[in-house]
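Take a look at the letters that make up each chain.
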Amino acid sequence: MTQLTLVIGNKNYSSWSWRPWLAMKQAGLDFAEIRIPLDTPTSHQEIRRYSPSGRVPVLLHNDLTIWESLAICEYVAEGFAPNLWPKDTAARAVARSVSTEMHAGFVSLRQNMPMDCRSRHPGLGMNASVQADVDRITAIWRECREKFGDGGDLLFGHFTIADAMFAPVVSRFVTYEVHLDSVAQAYAEAVWALPAMQEWVLAANNEVESIETIQH
Ligand SMILES: N[C@@H](CCC(=O)N[C@@H](CS)C(=O)NCC(=O)O)C(=O)O
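Residues numbered from 1 in each chain as written. Predicted model: local features only at pLDDT ≥ 70, side-chain atom pairs only at ≥ 80, totals over all residues.

Draft legend 1. Highlighting the site of the ligand. Around the ligand, 15 residues are found, and the nearest of them are Ser14, Trp16, Leu38, Arg55 and Ser69. Looking at the shell around the ligand, the elements with two or more residues in it are α1 (15-26) and α2 (43-48). Residues of the shell around the ligand, tallied by class, amount to five nonpolar, eight polar and two charged. (Near = placed C-beta within 6 Å. Helix = DSSP H or I, 4+ residues; strand = E, 2+ residues; numbered from the N terminus. Nonpolar A, V, L, I, M, F, W, Y, C, P; charged D, E, K, R; others polar.)

In structure tokens:
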């Protein structure tokens, strides 16, 4: 019997935690969860008990520790859920490209529209550099949907790690009510409707911690 434990931050705020959590849920994996609220006097010390980088998420599997959201997704796909990547080589290569682009980029969007998935702040945080990130993200979504999206409503048809990587972006677009073209809007709605997405948002709604993320 495998023992997987995912260490995460607050569900309302920890976008990096959401990605592997969603991938693992979508893959139907049975895993335990340790939630460490961020931004408290003891957060850093508690995270350090599990994470060599001092950040969440972290996956614990028997005596192995895996950190970094994308590395966790890769480990889970390799060991337990190969369907988390597209089967076709070309599609898989592009899925890895867009997942890595998300992991490494879109700093303006992430800084100006911090994740706050239970809240609504229409229009807040938008500026030219955020719009440039939005434009690039929606171009990725349109291209993946057009070239690889047959057979489902997601970037590569069925759910993949690429969808997990963009899921918190979908949540930001909901929170900040970002205007999207029709293809991007339909994709965002398909991701938002996933039962595992809604399970996370419901849990975020039930959290009691509040962290000041927005400069009004
Ligand atoms: N590149 C990392 C980023 C992880 C990260 O920044 N996590 C934040 C929470 S979303 C964190 O642990 N912050 C530490 C803290 O706030 O004390 C990944 O992909 O996992």
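Now that the structure is up, let's keep going.
Draft legend 2. The arrangement of the UniProt feature "domain: GST N-terminal" (unreviewed entry) in the protein in detail. Listed under "domain: GST N-terminal" (unreviewed entry) in the UniProt record, and renumbered for this structure, are residues 4-84. End C-alpha atoms of residues 4-84 are separated by 17 Å, and the span's content is 36% helix alongside 21% strand. (UniProt positions renumbered as here; feature names shortened; annotations may be inferred.)

Draft legend 3. Highlighting the sheet that holds strand β3 (residues 58-61). Strand order in this open sheet of four strands is β2-β1-β3-β4, and the pairing throughout is mixed. The outermost strands of the open sheet, each flanked by one partner alone, are β2 (32-35) and β4 (64-67). Sheet twist, expressed as the average angle between the axes of neighbouring strands with direction ignored, equals 20°. Judged from the four bridges that link them, strand β1 (residues 4-8) and β2 form a sheet pairing that is parallel. Bridging across to β2, Thr5 finds its partner in Ala32. (Pairing = 2+ DSSP bridges. Axes fitted to C-alpha atoms, helices over the stretch in contact; angles between N-to-C directions.)

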